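Examination of the molecular architecture
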Amino acid sequence: MQFFEDLREHPSLAGIRSRAAAYVRQFRLDRAVRAALATRSGPIPDSIIAEICETWGDPTLLAGDGYLQALLLEAQKA
């Protein structure tokens, strides 16, 4: 019976997949923000801003609205 009690404490496969997907999303977002901040000369490329918008988790956030671009430019200065 001890064997079955130990199995009950393990996370489900769906839980593991969900957690892994969250880690992948966080990694992609972190990588994109670091790439944006590493761009020292000129404006941040639209491809990096589009990736940040995609991994941010808000599909309504538009890459072309300028808010995120301005936010990242201020972060570059800091």
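Look up a bit, the structure's there.
As the structure is a computational prediction, the values presented were derived from the model and not from experiment. What you see as residue numbers is a count from 1 along each chain, following the sequence as written. Local features are withheld for residues below a pLDDT of 70 in this predicted model, meaning they are given only at 70 or higher, and side-chain atom pairs are given and counted only at 80 or more; totals for whole chains, interfaces and linings count all residues. Heavy atoms from the whole structure form the basis of all side-chain values; hydrogens and water molecules are not counted.

Once that is clear, we can look at the overall build of the chain. To qualify as a helix, a DSSP run of H or I must reach at least 4 residues; to qualify as a strand, a run of E must reach at least 2; elements of each kind are numbered from the N terminus. Within the chain, the secondary structure is distributed over four helices and zero strands. Each helix (α) and strand (β) of the chain, taken in turn from the N terminus, gives the series α-α-α-α. To sort residues, take the accessible area from a 1.4 Å probe on protein chains only and compare it with the maximum for the residue type: under 20% means buried, over 50% means exposed, and anything in between is partly exposed. Counting all 78 residues of the chain, 19% fall into the buried class. Only heavy atoms matter for contacts: two residues are in contact if any of them lie within 4.5 Å across the pair. A fraction of 42% describes how many contacts in the chain between residues 6 or more apart in sequence connect residues 24 or more apart. Accessible surface is estimated by sampling points in the Shrake-Rupley manner with a 1.4 Å probe; for residues, cover comes only from the protein chains shown. With the model as given, the accessible surface of the chain reaches about 6100 Å², and the carbon-plus-sulfur share is 61%.

Right, let's get into the nonpolar core. Buried together is how nonpolar side chains tend to be arranged in soluble globular proteins. Remark: nonpolar core denotes a set of buried residues (Ala, Val, Leu, Ile, Met, Phe, Trp, Tyr, Cys) joined through side-chain atoms within 4.5 Å. The biggest cluster of nonpolar side chains holds 11 residues, and these are Leu29, Ala32, Ala36, Ile44, Ile48, Ile49, Ile52, Cys53, Leu61, Leu68 and Leu72. Residues in contact with isoleucine 52, not counting those within four places in the same chain, are Leu29, Ala32, Val33, Ala36, Leu68 and Leu72.

So, about a nonpolar patch on the surface. Together, Trp56, Tyr67 and Leu71 make up a nonpolar patch on the protein surface, roughly 350 Å² of accessible area in all. Mapped onto the elements, leucine 71 comes out in helix α4 (residues 67-77). Two joining distances apply to patches: 9 Å for like charges and 5 Å for nonpolar side chains (Val, Leu, Ile, Met, Phe, Trp, Tyr), and every residue must have over 30% relative accessible area and no salt bridge. A pair is scored as a salt bridge if a Lys or Arg side-chain nitrogen falls within 4 Å of a carboxyl oxygen belonging to Asp or Glu.

Here we take up the side chain of threonine 55. Topologically, threonine 55 is positioned in helix α3 (residues 46-56). Within the structure, threonine 55 has its side chain in polar contact with the backbone oxygen of glutamate 51 (distance 2.9 Å). Residue contacts for threonine 55: discarding those within four places in its chain leaves Arg25, Arg28 and Leu29. Within 3.5 Å is the distance limit for a polar contact, defined as a pair of N or O atoms, with the added protein rule that one can donate a hydrogen and the other accept it, and that residues adjacent in sequence qualify only through two side-chain atoms.

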